[in-house]
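Below, each chain spelled out in residue letters.
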Amino acid sequence: MKLNLKKKSSLLFLISAALFALFVIFTLLVAFCGKATVTYNEKISSEVGLAGINQAFFKTIGENPFWYDFTEFLGMIALCIAGIFALIGLFQLATHKRFWAVDREFLLLGVFYVLVALFYVLFELIVVNYRPVLVGGALEASYPSSHTMLACCIFVTAPFACGHCMESRVTYLTVTVLCFFFALITVIGRLLSGVHWLTDIVGALLLSASLILLYIAALTLLYEKTKHQKRHHHSNH
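Once a new chain begins, its residue numbering starts again from 1 and follows that chain's sequence as written. For a predicted model such as this one, the threshold for reporting local features is a pLDDT of at least 70, and the threshold for listing and counting side-chain atom pairs is 80 or more; totals across whole chains, interfaces and linings nevertheless cover every residue. Excluded from the side-chain calculation are hydrogens and water; included are all heavy atoms of the structure.

Caption draft 1: Structural view of the overall build of the chain. Each helix is a run of H or I in the DSSP string that is no shorter than four residues. Each strand is a run of E no shorter than two, and both are numbered from the N terminus. Looking only at helices and strands, one finds 7 helices and 2 strands in the chain. Seen through its C-alpha atoms, the chain measures out along the principal axes to roughly 80 × 35 × 30 Å. Working definition: with a 1.4 Å probe on protein chains only, accessible area under 20% of the residue-type maximum means buried, over 50% means exposed, and in between means partly exposed. Buried residues in the chain amount to 41% of all 237 residues. Within the chain, counting contacts between residues at least 6 apart in sequence, those at least 24 apart form 75% of the total. Only the protein chains shown count as cover for residues, with accessible areas throughout obtained via the Shrake-Rupley method and a probe of 1.4 Å. Accessible area for the chain stands at about 13,500 Å²; split by element, carbon and sulfur atoms hold 70% of it. In this description, contact between two residues means that some pair of their heavy atoms is separated by no more than 4.5 Å.

Caption draft 2: Broad picture of the side chain of Asp200. The residue Asp200 is located in helix α7 (residues 198-236) in this model. There is no salt bridge for the buried Asp200, and the closest opposite charge comes from Arg131, which lies 6.7 Å off by N-O distance. As used in this structure description, the phrase polar contact means that two N or O atoms lie within 3.5 Å; if the pair is within protein, one of them must be able to donate a hydrogen and the other to accept it, and residues adjacent in sequence are counted only when both atoms belong to side chains. Side-chain polar atoms of Asp200 contact the side chain of Ser142, separated by 2.2 Å. Separated by 2.8 Å, the side chain of Asp200 and the backbone nitrogen of Trp197 make a polar contact. Two residue types count as positive, namely Lys and Arg, and two as negative, namely Asp and Glu; His and chain ends fall outside the count. A carboxyl oxygen of Asp or Glu within 4 Å of a side-chain nitrogen of Lys or Arg is what we treat as a salt bridge.

Caption draft 3: Region of the structure containing the pairing of strand β2 (residues 45-48). Burial of β2 is one-sided: the residues Ser46 and Val48 facing one way are buried, the residues Ser45 and Glu47 facing the other way are not. A pair of strands is considered paired only if DSSP assigns at least 2 bridges between the two. Where strand β1 (residues 36-39) lies against β2, 4 bridges are found, and the strand directions are antiparallel. Within β2, the residue paired with Thr39 across the bridge is Ser45. Connecting β1 to the next strand, β2, in antiparallel fashion are 5 residues.

Caption draft 4: Broad picture of helix α2 (residues 51-61). Listed in full, the buried residues belonging to α2 are Ala51, Asn54 and Phe58. When α2 is viewed along its axis, its buried side chains cluster within an angular range of 75° and face the same direction. Exposed positions of α2 whose direction lies more than 90 degrees from the buried face are Gly52, Lys59 and Thr60. Count one or two residues on from α2 and you reach Gly62, which has phi positive near 70°. Read the arc as the range of directions from the helix axis to the C-beta atoms.

Caption draft 5: Spotlight on the packing of aromatic side chains. Stacked, edge-to-face and tilted are the three classes for Phe, Tyr and Trp ring pairs, Trp counted by its six-membered ring, which pair at centre distances within 6.5 Å; planes under 30 degrees apart are stacked, over 60 edge-to-face, the rest tilted. Summed over the entire model, instances satisfying the criterion amount to 15 aromatic pairs. Between Phe66 and Trp67, the ring centres sit 5.3 Å apart and the planes meet at 75°, which makes this aromatic pair edge-to-face. By relative accessible area, which is 53% here, Phe66 ends up exposed. Here a set of aromatic residues connected by ring pairs shows up, and it is made of Phe20, Phe23, Phe26, Phe119, Phe123 and Tyr143.

Caption draft 6: Molecular detail of the nonpolar core. Among the nonpolar cores identified, the biggest contains 44 residues, and Phe85, Phe112 and Tyr215 are the most heavily contacted of them. Among the secondary structure elements, those contributing two or more residues to this core are α1 (5-32), α3 (65-96), α4 (104-125), α5 (146-162), α6 (169-193) and α7. Ignoring any residue separated from it by four or fewer positions in sequence, one finds Phe85 in contact with Phe106, Leu109, Tyr113, Ala158, Ala161 and Cys162. For this analysis, a nonpolar core means a set of buried residues of the types Ala, Val, Leu, Ile, Met, Phe, Trp, Tyr and Cys, connected via side-chain atoms within 4.5 Å. If you look at the next biggest cluster of nonpolar residues, it comprises 9 residues, including Val48, Ala51, Val195 and Trp197.

Caption draft 7: Local environment of the environment of Val133. Relative to the helices and strands, Val133 resides in the loop between α4 and α5. Residue Val133 is classed as buried on the basis of its relative accessible area, which comes to 10%. Contact partners of Val133, with chain neighbours within four places excluded, come to Tyr40, Phe58, Glu63, Gly194 and Val195.

Caption draft 8: A look at the packing of α3 against α6. To obtain an axis, a line is fitted to C-alpha atoms, over the contacting stretch when the element is a helix, and the angle between two such axes runs from 0 to 180 degrees between their N-to-C directions. Running from amino to carboxyl end, α3 crosses α6 at an angle of 150°, the nearest separation of the two axes being 8 Å. Looking at the two axes, α3 sits roughly antiparallel to α6. Crossing geometry of α3 relative to α6 is assigned as left-handed. On α6, the residues that touch Trp67, Tyr68, Phe70, Thr71, Glu72 and Leu74 of α3 are Phe182, Ile185, Thr186, Gly189, Arg190, Leu192 and Ser193. Split by residue class, the contact of α3 with α6 holds 7 nonpolar, 4 polar and 2 charged. Roughly parallel covers angles under 35 degrees, roughly antiparallel covers those over 145, roughly perpendicular covers 65 to 115, and oblique covers all other angles. Each helix crossing is assigned a hand: it is left-handed if the near helix lies turned anticlockwise from the far helix by less than a right angle, otherwise right-handed if that turn is clockwise. Note on residue classes: Ala, Val, Leu, Ile, Met, Phe, Trp, Tyr, Cys and Pro are nonpolar, Asp, Glu, Lys and Arg are charged, and everything else, Gly too, is polar.

Listed below in structure tokens is the structure:
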């Protein structure tokens, strides 16, 4: 039995909230449990939460410059995609001179990007863990992996935001597969790069999943309202 749009959007909102709650709990565990000192050199040291798991994973993986550089490149692609959506939205706004004339998918995506950026800034200010390696000889905030979060949020939501613009189902499926593939490679590559603790990646995935589902739920709710309005309009005529 298929869920109607109303039930589907409500379920997505609920799952999003549950994932965010799980992210908060996981973050508290990382911040306060199993802490140990990490020494980088004779002058610099820090503490890492859930140290047993994190240090064991880091010793197994080590550092890999190739995967670091490759995921940096993928991150640039993700930012370019976000920039393209922003330009399309601005073009529509400039053309129609009305805010609500911009495609609702793009408007909602703009709100989503702002929310993602707020979390990015928040965890730059509130440091839960530092990276397992020094960056430019200095400590750098590591939790959650902002690179993983940005890439996942941008790549995964892109097909949902631009699906209405694609008449060809083959084109839409191709774009979707590519975006999901880039997101997956970014996660794997960031894990293998050795510039993050394991918990950084897990935290980023939990937060990303929560935010992505929030966007999809809001989009589904918009479609639901549109469908209801159309039915109401037809019933009046």
